[in-house]
Each structure stands twice: as C-alpha cells, then as structure tokens.
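Notes for the structure review
Read off the chains here:
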Amino acid sequence: MASEVFLYVPNIIGYIRILLLLIGWWCFNCPPIFVPCYVISIILDGLDGYAARRLNQISEFGAWLDVVIDNLGRGMLWSALFEWGYFVSALEWCVFVCTHSCMGAEWKSRFGCSPWWIQRVTANGESLKQLDSNFS
C-alpha cells in the first residue's frame, strides 16, 4: 500500500473521528462535551464515505479504518451505558474480524442472500451516488 493513502481526505476525516471519540470518552459524564463530539463523529462517518467516492479515494485501508472507528464508537457507548456492553462490543469485533479476514474489502458486496434491509444498508453508497448525481 502506498503511503499517500494515509493522507486521503476520507482517512483524515477518520482520524478526526478518532480524536472526537477520544474526547467524548474522556468527557462521557459531561453531556455538553460528549454529545456534540459523538454527534459530529456520526455525521463525519457519512461524510467520509461520500468523500471517498466523490474524490475517488477509495482504499482497503479506508474501508478498514471506517469500520474500526465505527466499532470503537459503538463499543465506547455500549460499555459506558450498560454493564454488559462489553459483551456486545466484543461480539461486534468478532464479526468484524471474521468478515474482513474472509472477505477483505469486498465484505459489503457479499450480502446478496441477506434480508432486503441488510442489502440496502450495505449497498456501498450506491443510493448516495444517485443522490449526489441529482445535485450535480
């Protein structure tokens, strides 16, 4: 992998999301800080995928980083809110490791026999591409 992939705009957005999650984790008991950090991280989650497609900066590293950050954010929330949240987080990490070690970067495109709503969620941004083309 070429080192420039680490400086792709979507990956930089991912690094910002990590920073926001860390700040949110440290300030979990202070809602005026936690809530904006977490909400902005969620918004940036949608923006990084859009930027990757729009700027043609799609990479295996970026796909991996996005899911890792998603799991970190949800794991942080699960474990902070519920005593058994660590179990849910561990389960998500197991699914992540299994799907990425078996399917690699194509994990989102192999849900053809899944329920319709899973296929829709994992459509890899196709609906966003259509929406974007309507505004271009």
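The residue numbering used here restarts from 1 in each chain and proceeds along that chain's sequence as written. It should be noted that, the model being predicted, local features are given only for residues of pLDDT at least 70 and side-chain atom pairs only at 80 or more, the latter also being counted only at that level, while totals for whole chains, interfaces and linings use all residues. Hydrogens are left out, water is left out, and the side-chain values use all remaining heavy atoms of the structure.

1. A look at the overall build of the protein chain
A count of helices and strands for the protein chain gives six helices and zero strands. Mapped in sequence order, the helices and strands of the protein chain form the string α-α-α-α-α-α. Contact definition: two residues touch when any of their heavy atoms are within 4.5 Å. In the protein chain, of all internal contacts separated by at least 6 residues, the share reaching a separation of at least 24 is 63%. A total accessible area of about 9,000 Å² is found for the protein chain, and carbon and sulfur atoms account for 69% of it. Helix and strand labels come from DSSP, where a helix needs a run of H or I of at least four residues and a strand needs a run of E of at least two; each type is numbered from the N terminus. Here, Shrake-Rupley sampling with a 1.4 Å probe gives the accessible areas, and only protein chains in the shown set may cover a residue.

2. Looking at unusual backbone geometry
Although it is not a glycine, Asn56 sits at a positive phi angle of roughly 55 degrees. Along the chain, the position of Asn56 falls in the loop between α2 (31-54) and α3 (60-81). The class for Asn56 is exposed, based on a relative accessible area of 65%. The buried label goes to any residue with under 20% of its type's maximum accessible area, the exposed label to any with over 50%, and the partly exposed label to all in between, with areas taken from a 1.4 Å probe on protein chains only.

3. Notes on the confidence of the model for the protein chain
Values of pLDDT, which run from 0 to 100, indicate the predictor's confidence residue by residue. Residues of the protein chain with pLDDT of at least 70 account for 72%, and the chain-wide mean is 82. Across the protein chain, element-level confidence peaks in helix α1 (residues 9-26) with a mean pLDDT of 96 and bottoms out in helix α6 (residues 126-135) with 47. Counting interchain partners and residues more than four positions distant, the pLDDT-below-50 stretch residues 127-132 has five contacts.

4. Things to note about the packing of α1 against α3
The geometry of α1 relative to α3 is characterised by a closest axis approach of 10 Å and an angle of 15 degrees between their N-to-C directions. The angle between α1 and α3 places the two elements in the roughly parallel class. The element α1 and its partner α3 pack so that their crossing is left-handed. When α1 is examined against α3, the residues Asn11, Gly14, Tyr15, Arg17, Ile18, Leu21, Gly24 and Trp25 are found in contact with a partner set consisting of Phe61, Gly62, Leu65, Asp66, Ile69, Asp70, Gly73, Met76, Ser79 and Ala80. In this analysis an axis means a line fitted to C-alpha atoms, helices contributing only their contacting stretch, and an angle means the value between N-to-C directions, from 0 to 180 degrees. Orientation labels follow simple angle bins: below 35 degrees gives roughly parallel, above 145 gives roughly antiparallel, 65 to 115 gives roughly perpendicular, and whatever is left gives oblique. Working rule for handedness: look at the near helix, and if it is turned counterclockwise from the far one by less than a right angle, call the crossing left-handed; if clockwise, right-handed.

5. Considering α2
When the terminal C-alpha atoms of α2 are compared, their 34 Å separation across 24 residues agrees well with the 34 Å that a helix rising 1.5 Å per residue should span. Residues Phe34, Cys37, Tyr38, Ser41, Leu44, Asp48, Gly49, Ala51 and Ala52 constitute the buried set of α2. In this structure, the buried residues of α2 make contact with α1 and α3. Here a helix's expected span is defined as the number of its residues, less one, multiplied by 1.5 Å.

6. With respect to the environment of Leu20
Following the sequence through the fold, Leu20 ends up in helix α1. According to the relative accessible area criterion, Leu20 is buried, its value standing at 14%. Taking C-alpha positions, Leu20 is 10.0 Å from Ile42, a pair spaced 22 residues apart along the chain. Once you skip the residues sitting within four places of it in the chain, Leu20 turns out to touch Cys37, Ile40, Ser41 and Leu44.

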